[in-house]
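So you can see what is in the structure, the chains are spelled out below.
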Amino acid sequence: MTVMGAALLLCLGVHAGRILTDSLHSNVLGKWVKFNVYLPSGFDKNPTQHYPVVYLLHGFTDDYTAWRDKGQMQTVADELIETGEACPMVVIMPNAGGPRTYETWNGYFNMPGWAYEDFFFQELMPQAEQKYRAGGAKGLRAVMGLSMGGGGSTVYGQRHTDLFSSVYAMSAWLDDDGGQRRQEGVDDKVYLVKQAVRQHSALDFVRQADESTVERLRSVKWFIDCGDDDFLFDLSVELHKLMRQKRIKSELRIRNGQHNWEYWHQAIRMALPFASRNFSK
């Protein structure tokens, strides 16, 4: 290790943020919902400081621990903030699923028995932002995620252009072919989330957008990031093409990679600085 590298590691150790697990009781969902929160270095020292906020969404089969444990986002965020590539920010990692997919509700959209979008905007966002002195306005809020969370981020940005300054979609699940048929008599929540993704198609949203909707979409900064060997590759490219046709500016990055954490480790290193650049100064 070089002297410079050792010095950086020492510096990061001194100026490290932290991740804590919190929960809130949702009247919408009728249950307690956990979420992880990244707090930057110095958060507790100045109780009057207000921070921008990033909502970082996990993918299908994962939960709120994925970005902390698999994505190592605390290490990445600490490094980017310390080097000045990203501003100090609060990162909220909500829970919207789990690995037992046929039995567990997954997804960021409203569906029969799972009004998650209502929970997110009516309960999670206002309560978390008040508690952690973050967000509060479009210019201080961003949303991003991978796979199911990338699709959720995109649709949230489309449907709530007044709330987010930027959207970063990684390997995003943007639409579904609806190929699965529900098994009668089986509690098949995989079918329900696939159906919800189809009904909330990010591609159809752009196709059907009138001029006033297009104008609102232009108020958000968009970044689409997908690996060249990802099975969702075509959806990302199609979304970018549709946005170009409507003259909605978006960044598109196709890098070498697949639908895995090796790819998303690199994506988060680009995503947090992207959000940071697009926060209000």
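Above this text you will find the structure in question.
Residues numbered from 1 in each chain as written. Predicted model: local features only at pLDDT ≥ 70, side-chain atom pairs only at ≥ 80, totals over all residues. Heavy atoms only, no water.

Visitor: How do you make sense of the packing of aromatic side chains when you look at a structure like this?
Guide: Overall, the coordinates contain 17 aromatic pairs when judged by the stated rule. With 5.2 Å between their ring centres and 90° between their planes, W261 and W264 make a pair best called edge-to-face. Placement of both W261 and W264 in helix α10 (residues 261-278) is noted, with a separation of three residues, approximately one turn of the helix. Residue classification places W261 among the buried positions, given a relative accessible area of 16%. Pairwise contacts between aromatic rings join Y55, W105, Y108, W114, Y116, F119, F120, F121, Y156 and F164 into one cluster. In this structure, K189 is placed above the aromatic ring of W105, and the distance from its NZ or CZ to the ring centre is 4.8 Å. (Phe/Tyr/Trp six-rings, centres within 6.5 Å; stacked < 30°, edge-to-face > 60°. Helix = DSSP H or I, 4+ residues; strand = E, 2+ residues; numbered from the N terminus. Buried < 20%, exposed > 50% of the residue type's maximum accessible area, 1.4 Å probe, protein only. Lys NZ or Arg CZ within 6 Å of the ring centre and 35° of its normal.)

Visitor: Explain the environment of M93 here, please?
Guide: In this fold, M93 is placed in strand β4 (residues 90-94). Taking the C-alpha atoms as reference, M93 lies 26 Å from V237; in sequence the two are 144 residues apart. Residues in contact with M93, not counting those within four places in the same chain, are I19, F35, N36, V37, Y38, L56, Y64, W67, R68 and M73. (Contact = heavy atoms within 4.5 Å.)

Visitor: How should the layout of surface pockets be read in this particular structure?
Guide: Empty pockets left among the atoms are what a rolling probe the size of a water molecule brings to light. Taken as a whole, the largest pocket spans an internal volume of roughly 180 Å³. Contributing to the lining of the largest pocket are 13 residues, with K31, W32, V33, N95 and G97 lying nearest its centre. Among the elements that take part in the lining of the largest pocket, strand β2 (residues 31-39) stands out by supplying four residues, more than any other. In terms of residue class, the lining of the largest pocket is made up of seven nonpolar, three polar and three charged. (1 Å grid on protein atoms, 1.4 Å probe; cavity = no way out; pocket = protein on both sides within 12 Å on 5 of 7 lines; lining within 4 Å. Points joined across faces, edges and corners; volume = space filled by probe spheres on them. Nonpolar A, V, L, I, M, F, W, Y, C, P; charged D, E, K, R; others polar.)

Visitor: Before we go on, may I ask you to explain the sheet that holds strand β8 (residues 166-170) in this structure?
Guide: Within a sheet, neighbouring strands are paired by backbone hydrogen bonds and run either parallel or antiparallel to one another. Reading across from one edge, β1-β2-β4-β3-β7-β8-β9-β10 is the order of the eight strands in this open sheet, with mixed pairing throughout. Because the sheet does not close on itself, it has two edges, and the strands there are β1 (18-26) and β10 (250-255). Neighbour-to-neighbour, the strand axes of the sheet open up by a mean angle of 20°, direction not taken into account. Bridging between strand β9 (residues 221-227) and β10 involves six bridges; their strand directions are parallel. Each residue of the ladder has a partner; that of F223, found in β10, is E251. In the packing of helix α3 (residues 73-82) onto the sheet, the strands contacted are β1, β2, β3 (53-57) and β4, and the crossing angle to β2 comes to about 35°. Lying on the sheet, helix α5 (residues 148-159) is in contact with β3, β7 (141-146), β8 and β9; it crosses β7 at an angle near 150°. (Pairing = 2+ DSSP bridges. Axes fitted to C-alpha atoms, helices over the stretch in contact; angles between N-to-C directions.)

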